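Chain and residue survey
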Amino acid sequence: MKRYMLAFFGGNMALRYENLDKAEKEAQEKHRAAWGGWMSELMKGGHLETGYPLEPDGKRIDANGPRDYRFPDTTEGGFIIIKAESLDQAAEIAQSAPIIKNGGYALARPCGEMK
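All of the points below concern the structure found in this document. (Residues numbered from 1 in each chain as written. Predicted model: local features only at pLDDT ≥ 70, side-chain atom pairs only at ≥ 80, totals over all residues. Heavy atoms only, no water.)

A closer look at the overall build of the chain
Within the chain one finds three helices and six strands. Secondary structure elements of the chain, listed N to C terminal, follow the sequence β-α-β-β-β-β-α-α-β. Dimensions of the chain along its principal axes, counting C-alpha atoms only, are 45 × 40 × 20 Å. Taking the contacts inside the chain whose residues are at least 6 apart along the sequence as the reference set, 74% of them involve residues at least 24 apart. Carbon together with sulfur atoms contributes 53% to the accessible area of the chain, which is approximately 7,800 Å² in total. Averaging the locations of the 16 positively and 17 negatively charged side chains of the chain gives two centres separated by 3 Å. (Helix = DSSP H or I, 4+ residues; strand = E, 2+ residues; numbered from the N terminus. Contact = heavy atoms within 4.5 Å. Areas by Shrake-Rupley, 256 points an atom, 1.4 Å probe, with all protein chains shown as cover. Lys, Arg positive; Asp, Glu negative; His and termini not counted. Charge placed at Lys NZ, Arg CZ, Asp CG, Glu CD.)

A look at the pairing of strand β4 (residues 65–70)
Examined bridge by bridge, strand β3 (residues 57–62) and β4 share six bridges and lie antiparallel to one another. Looking across to β4, one finds that Arg60 is bridged to Arg67. Joining the antiparallel neighbours β3 and β4 is a turn of two residues. (Pairing = 2+ DSSP bridges.)

Thoughts on the side chain of Arg16
Relative to the helices and strands, Arg16 is located in the loop between β1 (2–10) and α1 (25–44). Looking at Arg16, its side chain comes within polar contact range of the main-chain oxygen of Asp73, at 2.8 Å. Polar side-chain contacts of Arg16 include one of 2.9 Å to the backbone oxygen of Thr75. When residues no more than four places from it in sequence are discounted, the contact partners of Arg16 are Gly10, Pro72, Asp73, Thr75, Glu76 and Gly77. (Polar contact = N/O pair within 3.5 Å; in protein donor to acceptor, adjacent residues only side chain to side chain.)

Brief notes about the environment of Arg3
Examined against the element boundaries, Arg3 turns out to sit in strand β1. A relative accessible area of 29% means that Arg3 is categorised as partly exposed. Separated by 72 residues in sequence, Arg3 and Thr75 have C-alpha atoms that sit 22 Å apart. A polar contact is formed between the side chain of Arg3 and the side chain of Glu49, at a distance of 2.6 Å. (Buried < 20%, exposed > 50% of the residue type's maximum accessible area, 1.4 Å probe, protein only.)

Digging into the pattern of salt bridges
Using the criterion set out here, one finds 11 salt bridges in the structure. Lys83 is the partner of Glu49 in a salt bridge, and the nearest nitrogen-oxygen pair spans 3.9 Å. Linking Glu49 in strand β2 (residues 48–53) with Lys83 in strand β5 (residues 78–84), this pair joins segments that are 34 residues apart in sequence. By sharing partners, the salt bridges in this structure join Arg3, Glu49, Lys83 and Glu113 into a single network. (Salt bridge = Lys/Arg side-chain N within 4 Å of Asp/Glu carboxyl O.)

Structure follows, in structure tokens:
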């Protein structure tokens with residue numbers, strides 16, 4: 001199997017990682033259960049390798065050195081690395097992600113191999 005990165009964008013911004021603690025408790029629990037269940041199924045199927053939500057604050061590093069940077073809401077809110085037989089299968093897996101039902105979208109991208 002080949003590795004693919006699924007990056008997640010958009011969706012209900014009140015449920016984005018940096019805002020989740022401010023959401024109503026019931027919404028938080030439902031959101032966490034949906035993602036936890038989905039990722040658990042990916043693990044059981046031998047697809048999930050790793051993944052994380054992303055925080056909005058970071059650093060931008062260029063020829064002038066590092067400086068504080070706040071990533072805009074239009075950037076990815078998280079990612080996972082999965083194993084799949086093909087890009088089409090990776091897209092099928094992404095289609096079942098909770099973010100899709102939440103008004104967001106995912107991008108599937110093949111990972112290269114380090115040689």
